[in-house]
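What follows is each chain in one-letter form.
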Amino acid sequence: MPNPKRRHSKARTAKRRAHDALTATGISECPSCHERKLPHRACPKCGTYKGRDVLEVKEAN
C-alpha cells in the first residue's frame, strides 16, 4: 500500500477544509403556537401539522 512521500502543506490542508464548516439547522415557526420547530414536522409543543392536530401532547404540571 503506497504511503505519502512528503507531508501536505498547511495551505493545502486549509484549502481542503474550507468547505467543512457546519451550517445552522433551518428552523421555522409553528403557525398555531409560534414556537420554533423543524420544518415539515409536527410541532412538539402543540402537536399540530398543517393546521390539524396529529399528536397528543401531555400538558405540563
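Criteria and thresholds
Residues numbered from 1 in each chain as written. Predicted model: local features only at pLDDT ≥ 70, side-chain atom pairs only at ≥ 80, totals over all residues. Heavy atoms only, no water. Helix = DSSP H or I, 4+ residues; strand = E, 2+ residues; numbered from the N terminus. Rg over C-alpha atoms; globule rule 2.2 N^0.38 Å. Buried < 20%, exposed > 50% of the residue type's maximum accessible area, 1.4 Å probe, protein only. Contact = heavy atoms within 4.5 Å. Areas by Shrake-Rupley, 256 points an atom, 1.4 Å probe, with all protein chains shown as cover. pLDDT = per-residue confidence, 0-100.

Looking at the overall build of the protein chain
Along its length, the protein chain carries 1 helix and 4 strands. Reading the protein chain from its N terminus to its C terminus gives the helix and strand order α-β-β-β-β. In summary, the protein chain has a C-alpha radius of gyration of 23 Å against a globular reference of 10 Å for 61 residues, an excess of more than 25%. Projected onto the principal axes, the alpha-carbon positions of the protein chain cover approximately 65 × 25 × 25 Å. Looking at the 61 residues of the protein chain, the share that counts as buried comes to 10%. In the protein chain, of all internal contacts separated by at least 6 residues, the share reaching a separation of at least 24 is 0%. When the accessible surface of the protein chain is split by element, carbon and sulfur atoms take 51% of a total near 6300 Å².

Some thoughts on the environment of Cys43
Topologically, Cys43 is positioned in the loop between strand S2 (36–37) and strand S3 (48–49). Distance from Cys43 to Pro31, taken between C-alpha atoms, is 9.5 Å for residues 12 residues apart in sequence. Ignoring anything within four residues of it in the chain, the contact list for Cys43 reads Cys30, Cys33, Lys37, Thr48 and Leu55.

With respect to the confidence of the model for the protein chain
The predicted model of the protein chain has a mean per-residue pLDDT of 91, with 97% of residues at 70 or higher. Here strand S4 (residues 52–53) stands out as the element of the protein chain with the lowest mean pLDDT, 91, in contrast to helix H1 (residues 10–17), whose mean of 96 is the highest.

A word on unusual backbone geometry
Phi at His34 takes a positive value of approximately 60°, unusual for a residue other than glycine. Within the secondary structure, His34 sits in the loop between strand S1 (28–29) and S2. A positive phi is found at His40, a non-glycine position, where the angle reads about 65°. Summarising the element assignment, His40 is placed in the loop between S2 and S3. Residue His40 is classed as exposed on the basis of its relative accessible area, which comes to 70%.

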